[in-house]
Amino acid sequence: MHLIDCLDVHNTSMGKITQLRKPIRRKYGTGKFWKQTVPKPPQLSTIPRSYSRYGIAPQVFIEELKKVQRPAAILVTSLMTYWYPGVFEAIQLVKDIHPDVPVILGGIYATLCTGHARSNSHADFVIPSPGQFRPMELYQLIDKIIPDFPIKEKLEPFSPYPAFDLLTKIDYVCLLSSSGCPLRCPYCASPYLSPLFFRREPLELFEEVLFWHRDYDIIDFAFYDDALLADSVNHIGVFLEGVLESNLALRFHCPNGLHITYIDRDIANLLYKTGFKMIRLGLETSDTKLNRDLGRKFSEGEFDRSVTHLKKAGFTTYQIGAYVLVGLPGQTYDQVAETITYVGRVGATPYLSEYSPIPHTKMWKEAVQVSRFDLGSEPLFHNNTIFPCWNADAFKEVSKLKKMAQDTRKEARKNLPQALHL
Ligand code: SF4
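What you see is a predicted model; the values in this text were computed from it and never measured. (Residues numbered from 1 in each chain as written. Predicted model: local features only at pLDDT ≥ 70, side-chain atom pairs only at ≥ 80, totals over all residues. Heavy atoms only, no water.)

A. The packing of aromatic side chains, seen in detail. This model, assessed by the stated rule, comprises 22 aromatic pairs. With 5.9 Å between their ring centres and 80° between their planes, Phe239 and Phe252 make a pair best called edge-to-face. Linking Phe239 in helix H9 (residues 236-246) with Phe252 in strand S10 (residues 251-253), this pair joins segments that are 13 residues apart in sequence. For Phe239, a relative accessible area of 2% translates into the label buried. Given a relative accessible area of 0%, Phe252 falls into the buried group. These aromatic residues form a ring-pair network of at least three members: Phe206, Phe221, Phe223, Phe239, Phe252 and Phe276. (Phe/Tyr/Trp six-rings, centres within 6.5 Å; stacked < 30°, edge-to-face > 60°. Helix = DSSP H or I, 4+ residues; strand = E, 2+ residues; numbered from the N terminus. Buried < 20%, exposed > 50% of the residue type's maximum accessible area, 1.4 Å probe, protein only.)

This is the structure:
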């Protein structure tokens, strides 16, 4: 089995082959990626921004592909819908180097835009959402293509562990304690991508953490759950109590926003004591009506209360980030500005999160109606950085909003102990 990570920041050939600047890496495995400005697709020619490829350069990818002696099959994954040009380019290069090898495309883009992927990607097979819960579909296909492929593992969700050991270097390990989310926010693809809310046994999760820590010296673990704190008393709380008892010096991260409504005193204390470094809360908006339209993820006063619990547990203002949605259909600049001010007033730090219209979400129809682009025919227009559901003046206004959020963050950073600087 061979893995090529196209976002590999440790690839040694990149420095030798390209003139690109080495990406800046920060603490806990965060930081920048290799980046190269490339010609804009014609569909985006009117957008006043540059267009870049992130990750290893094509010549390095080709070099990596040549290291693999005629593979039996090549699996390509995909993420955001509007990143499909990179996926297509990768498939093209794969076919140039290994012309007779079947290519299977899966992942998020392949799931959300299956028709587009089947018509345009040139993959031999497109499998929408095998995910953690439908590995059978993928395995049956592999079995057909490679009859003697040794699939002996038990086919269960989260088993076997992801093959991080095939990476050049493991800086941190991504974890899932659950899949899916009990909520159904209208802008979110989680209900479509992972329709069932499924949780792992806390002990099983702990064993996975022990495995990576013991065998690979991993200290940093990033949770990518959609609903990490749901029913924490019976789930993640049990895991975190185990971490506390073990006395292992681990660090945890939660780049996906946590649910405000699930933060109480006990879980705030556990998060702090077990080594969570940066908390991210999914606030989205402080506007009462918009919050209701977005599914009312939290009630009035709950954000203030959750920030208070986190502060009492020991987190500083800078460590408590709140995601603020920008660019929703019908949302005004003022609503965003007021939310940024509100976050600072309550004692947290705002992070703008640009809205990307996603097929199969409840909000998709409205997004298609209000957008200045033809979202339905071209996934490039789902790109959040072009603010597809706001008018063309958005770029200027959003710069002001970004500045506001940055200033609030700078202020919060002033009192941050040096040890917590990223
Ligand atoms: S709470 Fe978060 S993960 Fe769940 S549906 Fe809403 S946005 Fe998606």
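B. Spotlight on the site of the ligand. Lining the immediate environment of the ligand, one finds Cys181, Leu183, Cys185, Tyr187, Cys188, Asp226, His259 and Lys297. For the shell around the ligand, the per-class residue count stands at 5 nonpolar, 1 polar and 2 charged. (Near = heavy atom within 4 Å. Nonpolar A, V, L, I, M, F, W, Y, C, P; charged D, E, K, R; others polar.)

C. Structural view of unusual backbone geometry. The backbone of Tyr28 shows a phi angle near 60°, a positive value even though the residue is not glycine. For Tyr28, the position within the fold is in the loop between helix H1 (12-17) and strand S1 (35-37). Owing to a relative accessible area of 12%, Tyr28 belongs among the buried residues under this scheme. Phi angles above zero are rare outside glycine, and Glu284 is one such case at about 70°. Among the structural elements, Glu284 can be located in strand S11 (residues 279-284). Its relative accessible area of 10% is what places Glu284 among the buried residues.

D. Structural context of the sheet that holds strand S3 (residues 74-76). Spatial strand order, S3-S4-S5: 3 strands in an open sheet with parallel pairing. For this open sheet the edge positions go to S3 and strand S5 (125-126), each flanked by a neighbour on one side alone. Here 3 bridges tie S3 to strand S4 (residues 103-105), and the two strands are oriented parallel to one another. When the bridges of S4 are listed, Ile74 appears paired with Val103. Across the face of the sheet, helix H3 (residues 84-97) comes into contact with S3 and S4 while running at roughly 170° to S4. (Pairing = 2+ DSSP bridges. Contact = heavy atoms within 4.5 Å. Axes fitted to C-alpha atoms, helices over the stretch in contact; angles between N-to-C directions.)

E. Quick peek at a positive patch on the surface. The grouping of Arg26, Lys32, Lys35 and Arg49 at the surface amounts to a positive patch. Counting through the fold element by element, Lys32 comes out in the loop between H1 and S1. With relative accessibility at 45%, the residue Lys32 sits in the partly exposed group. (Patch = residues over 30% accessible without salt bridge, like charges linked within 9 Å, V, L, I, M, F, W, Y side chains within 5 Å. Areas by Shrake-Rupley, 256 points an atom, 1.4 Å probe, with all protein chains shown as cover. Salt bridge = Lys/Arg side-chain N within 4 Å of Asp/Glu carboxyl O. Lys, Arg positive; Asp, Glu negative; His and termini not counted. Charge placed at Lys NZ, Arg CZ, Asp CG, Glu CD.)

F. View of the nonpolar core. If you look at the biggest cluster of nonpolar residues, it comprises 103 residues, and the most contacted ones within it are Leu105, Phe239, Leu271, Phe276, Leu281 and Phe303. Looking at this core, the element that brings in the most residues is H3, giving 7 residues. If near-sequence neighbours (up to four positions away) are discounted, Phe239 is found in contact with Pro202, Leu205, Phe206, Val209, Phe223 and Phe252. (Core = buried A, V, L, I, M, F, W, Y, C linked by side-chain atoms within 4.5 Å.)

G. The pairing of strand S9 (residues 220-223), seen in detail. In S9, alternate side chains face the same way, and those of Asp220 and Ala222 on one face and Phe221 and Phe223 on the other are all buried. Sheet topology note: the strand S6 (residues 173-175)/S9 ladder contains 3 bridges and is parallel. Bridge pairing in S9 links Cys174 to Ala222. Alignment of S9 against S10, held across 3 bridges, turns out to be parallel. What sits directly across from Asp220, in S10, is Arg251. Between the parallel elements S9 and S10, the chain passes through H9 in a crossover that is right-handed. (Right-handed = clockwise from strand over helix to strand, strands pointing away.)

H. Representation of the packing of helix H12 (residues 302-313) against helix H13 (residues 333-346). Running from N to C, H12 and H13 cross one another at 35°; their axes reach a closest spacing of 10 Å. Considering how the two elements wind past one another, H12 and H13 form a crossing that is right-handed. Residues Phe303, Asp304 and Val307 of H12 pack against Tyr342, Val343 and Val346 of H13. Its residues placed into classes, the contact of H12 with H13 shows 5 nonpolar, no polar and 1 charged. (Left-handed = near helix turned anticlockwise from the far one by under 90°.)

I. How the structure looks around the sheet that holds strand S12 (residues 320-326). The 3 strands lie next to each other as S11-S12-S13, forming an open sheet whose pairing is parallel. Looking at strand neighbours, the two that pair on one side only are S11 and strand S13 (349-354), the edges of this open sheet. On average, each strand axis in the sheet is inclined to that of its neighbour by 30°, with strand direction left out of account. The pairing of S11 with S12 spans 5 bridges and is classified as parallel. Bridge assignment links Leu281 to a residue of S12, and that residue is Ala322. Along the sheet face, H13 touches S11, S12 and S13 and points at about 175° away from the line of S12.

J. Quick look at the pattern of salt bridges. Enumeration over the complete set of coordinates arrives at 15 salt bridges. In this structure, Lys95 engages Asp124 in a salt bridge whose closest nitrogen and oxygen atoms are separated by 3.0 Å. Separated by 29 residues along the polypeptide, Lys95 in helix H3 and Asp124 in the loop between helix H5 (114-120) and S5 bring together distant segments of the chain. We classify Asp124 as partly exposed; its relative accessible area is 41%. Linking Glu354 and Lys402 is a salt bridge whose minimum nitrogen-to-oxygen distance equals 3.7 Å. With a gap of 48 residues between them, Glu354 in strand S13 and Lys402 in helix H15 (residues 394-413) connect regions that are remote in the sequence. Under the relative-accessibility criterion, Lys402 is labelled partly exposed at 32%. In this structure, a network of salt bridges that share partners links the residues Arg200, Glu204 and Glu208.

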